[in-house]
Amino acid sequence: MTIENDVKQLIKAGRLADAGQAAYQAAVTGRAGAGVLSLGAAAAYQAGADDLALELFSRLDAGGALDAGQWAMMGHAAERLGISRIALPAYRRSLDLAPGDAAVHYNLGSLQLRRHQWTEAITHLRAACDARPDWQPAWENLAQALAGTEHYETVVPFLADCMARFPDNPVFAFQHAAALLHKGDRPGAEAAYRDLTACLPDNAAAWAGLAAAVIQDGRKDDAAALIADAAAKGARSHDLDEMAATLKLDAGDAAAAITGYEAVLAADPGHRLARVNLVDALLQAGDHKRALKVCDDRLATAPGDPEMLAYRAIVMTDRGQAAEAEAFLPPNLIMGHRPLAPDGFASMADFNKAMVRHILDHPSLVPSPPSHATVAGRHTGSLVCDPWGPMTQFKDMIAEAARAYRRRHRNSTHPVFTRWSDEYSLTLWAVEMNAGGHQMPHIHPSGFLSGVYYPQLPAQVTDPGDTSGFIEFFQAPEQFKLRHPPRLQLFPPGEGVMYLFPSAYFHRTIPFTGEGTRISVAFDLVAL
């Protein structure tokens, strides 16, 4: 009996993993031809033995070309293992041979969606939808990818079309309501969520969205009534409980808020907002010891958690330990950098002009969305998707700056570097501000490294004797009524200047007066 027959018999008996292993043993002893490798690789893939499948597909590829189906299986096996550097090219090779395969377009587009590669995700998910117009999961993922761009001028009508196309699928209605809220259309979002609560009265997510829209309108008493209404209709969730606790905190009842947050965390220890707001409530109650314990318990398991690092420094400051807080989040991890002009541009001045034109003409540039920290300014959606313009070069400039940052701190043992990853997705957006415009203190909790670049500044913002328009670090948000002031760090903006800093560092912009426009481009590196 031949090796190939042995493998076939194992497959026939349903012993797929054993068939893959037999093919591997034959391969390492030089007894496996293409037929054995092909059978064994497919069997291992079907058995979920993805490491083995990759090894066999690799050996098969070394001896001759894989077909479209084999590349697709190889891509999916690599994706299940989390090895994107193999999955992405394997899916592409499959599509080179079978460009109309809807399933491969869907898998590739969904992987790129998770990596925040919006343009590529949209291209492949749209191809999957075109090939199979009734395939709702492909439309759902396409909607997610479009929403990820924050280009709401296209997202909102697309989702309205999906709602008409698939009227019985509530996913699109939820996405549509969320897009309206993020866009800043609060009345539209409230109406959309009210429709959802009417259709799905026991759905907690619908009530949470409605409460969020009402809170955004400043009607906190109405939001509390809605949360009680939801509970009466059987719609309960940890998110609603956290919102109820936050409304109590906003009303000045820190003790009730603490009880609410602790109940949420007892049921769901991973609830991020409950943990963050618990620290806030404990500070308001003057209980520094318990606030530090919340931070330290989280940091013991996730030492680079940006929110807990930031909040721990605030707690230390509030208890009069400003010097210790400064040592905990040291200013020397803020790096200034001047990029060189990229290929195709004679100077950074030329590059900055192209960048400013791109930003001011960008279709996603809208007045201060409520989901961001910008006040009295305009804000784009994602700039790392179509239309790319000079951002194609700028993303490479960011990558080089990040490498320089890591080299400078290569010997650092600070916990912010526990989240560092050379494989990351890039989020990138621009902010335009005129007189009085500014950004409130905030951090970027999804990232590990953040930064800002200045392509255009008013003359008065570049005056070293005037801190208007400067970037300021370590100021706490307004809800923290600190008993002791933090040690602040101010850095002057400059055209062509980039600052990089850990995503855990609170930062804001100082308002400026006078004529002119301040344009900045902000970014985060998010570990994959």
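Residues numbered from 1 in each chain as written. Predicted model: local features only at pLDDT ≥ 70, side-chain atom pairs only at ≥ 80, totals over all residues. Heavy atoms only, no water.

A look at the sheet that holds strand β6 (residues 471-473)
Quick reminder of the rule: In this description, strands pair whenever DSSP reports at least two bridges between them. The helix and strand labels rest on DSSP assignments: H or I over at least four residues marks a helix, E over at least two residues marks a strand, and numbering proceeds from the N terminus. A fitted line through C-alpha atoms represents every axis, and for helices the fit uses only the stretch in contact; the resulting angles, taken between N-to-C directions, go from 0 to 180 degrees.
Ordered in space as β7-β6-β9, the 3 strands form an open sheet in which the pairing is antiparallel. The sheet terminates laterally at β7 (489-491) and β9 (507-509), the two strands that pair on one side only. Recorded for the sheet is a direction-independent mean angle of 25° between the axes of neighbouring strands. Two elements, β6 and β7, share 3 bridges in a ladder whose sense is antiparallel. Across the sheet, the residue bridging to Glu472 is Leu490, located in β7.

Here's the deal with the packing of aromatic side chains
Here is the rule we go by: We call Phe, Tyr and Trp rings a pair once their centres come within 6.5 Å, taking the six-membered ring for Trp, and we label the pair stacked below 30 degrees between planes, edge-to-face above 60, and tilted otherwise. Here, over-ring charges are defined by two tests on the NZ atom of lysine or the CZ atom of arginine: distance to the ring centre within 6 Å, and angle to the ring normal within 35 degrees.
Here the structure, examined in full by the defined rule, presents 21 aromatic pairs. Arranged with centres 6.4 Å apart and planes meeting at 80°, the rings of Phe394 and Phe523 form a pair that is edge-to-face. You can see Phe394 sitting in helix α22 (residues 391-408) and its partner Phe523 sitting in strand β10 (residues 518-527), a full 129 residues away along the chain. If you follow Arg132 out to its NZ or CZ, it ends over the ring of Trp135, 4.0 Å from the centre.

Here's the deal with the packing of helix α9 (residues 136-148) against helix α11 (residues 170-183)
The description of two packed helices rests on the angle between their axes and on the distance between the axes. Let me state the cut-off plainly: Orientation categories follow fixed angle ranges, with anything under 35 degrees roughly parallel, anything over 145 roughly antiparallel, 65 to 115 roughly perpendicular, and all other angles oblique. Working rule for contacts: check all heavy atoms of both residues, and any pair within 4.5 Å makes them a contact. Side-chain classes are defined by residue name, with Ala, Val, Leu, Ile, Met, Phe, Trp, Tyr, Cys and Pro counting as nonpolar, Asp, Glu, Lys and Arg as charged, and the others, Gly among them, as polar.
In contact at an axis separation of 10 Å, α9 and α11 are set at 5° when each is read in the N-to-C sense. Relative to α11, the element α9 is oriented roughly parallel. The residues of α11 that touch α9, namely those facing Gln136, Trp139, Glu140, Ala143 and Gln144, are Val171, Phe172 and Gln175. When its residues are assigned to classes, the contact of α9 with α11 shows 4 nonpolar, 3 polar and 1 charged.

Quick notes on the environment of Ile258
By the secondary structure assignment, Ile258 is in helix α16 (residues 254-267). Residues Ile258 and Asp280, spaced 22 residues apart in sequence, show a C-alpha to C-alpha distance of 9.2 Å. With residues up to four places along the chain from it excluded, the contact list for Ile258 reads Leu278, Ala281, Leu282, Ala285 and Arg290.

Describing the side chain of His151
Worth spelling out the cut-off: Think of it in three bands: residues with accessible area under 20% of the maximum for their type are buried, residues over 50% are exposed, and the middle band is partly exposed, with areas taken using a 1.4 Å probe on protein chains only.
With respect to the element layout, His151 can be found in the loop between α9 and α10 (152-165). We classify His151 as buried; its relative accessible area is 5%. When residues no more than four places from it in sequence are discounted, the contact partners of His151 are Leu146, His362, Ser364, Gly381, Ser382, Cys385, Asp386 and Pro387.

As for helix α19 (residues 306-318)
In an α-helix, one turn spans 3.6 residues; hence positions three or four apart end up facing the same way. Heads up, the rule is: Expected helix span is computed as 1.5 Å times (number of residues minus one).
Its 13 residues give α19 an end-to-end C-alpha distance of 18 Å, which sits within 8% of 18 Å, the value for a rise of 1.5 Å per residue. Counting buried positions along α19 yields 13 of 13 residues, so the element is predominantly enclosed. Looking one or two residues beyond α19, the residue adopting positive phi is Gly320, at roughly 90°.

Topic: the sheet that holds strand β4 (residues 424-439)
One open sheet accounts for 7 strands, arranged β1-β8-β5-β10-β4-β3-β2; its pairing is antiparallel. Each having just a single partner strand, β1 (335-337) and β2 (366-367) make up the two edges of the open sheet. With 5 bridges connecting them, strand β3 (residues 374-379) and β4 associate as antiparallel partners. Within β4, the position partnered with Arg378 by the bridge is Glu432. This element, helix α21 (residues 348-360), spans β3, β4, β5 (449-456) and β10 of the sheet and lies at about 100° to β5. Here α22 sits on the sheet and contacts β1, β4, β5, β8 (498-502) and β10; the angle it forms with β8, its principal contact strand, is near 55°.

Quick word on the pairing of β10
In terms of burial, β10 is a largely internal element, 9 of the 10 residues being buried. Inspection of the sheet shows β4 paired to β10 by 10 bridges, in the antiparallel sense. Each residue of the ladder has a partner; that of Thr427, found in β10, is Asp524.

Notes on the nonpolar core
This is how it is decided: For this analysis, a nonpolar core means a set of buried residues of the types Ala, Val, Leu, Ile, Met, Phe, Trp, Tyr and Cys, connected via side-chain atoms within 4.5 Å.
Counting 83 residues, the largest nonpolar core has Phe394, Leu428 and Tyr505 as the members making the most contacts within it. Every residue in contact with Phe394, bar those within four places of it in the chain, is listed here: Phe351, Met355, Leu428, Tyr453, Met498 and Val521. Judged by nonpolar contacts, the second largest core, of 51 residues, contains Leu113, Val155, Ala189 and Ala208.

As for the pairing of β5
Remark: a regular strand shows side chains that alternate across the two faces of the sheet. Across the 8 residues of β5, 7 count as buried, placing the element largely inside the fold. The pairing of β5 with β8 spans 5 bridges and is classified as antiparallel. Bridge pairing in β8 links Tyr453 to Met498. The sheet contact formed by β5 and β10 spans 6 bridges and is antiparallel. Counted as the bridge partner of Leu449 is Leu525 from β10.

A closer look at unusual backbone geometry
With an omega of -5°, the peptide bond between Asp386 and Pro387 qualifies as cis. Topologically, Pro387 is positioned in the loop between β3 and α22. At His116, a residue that is not glycine, the phi angle is positive and equals roughly 60°. Despite not being glycine, Glu150 has its phi angle at roughly 60°, a positive value. Position of Glu150 among the secondary structure elements: in the loop between α9 and α10.

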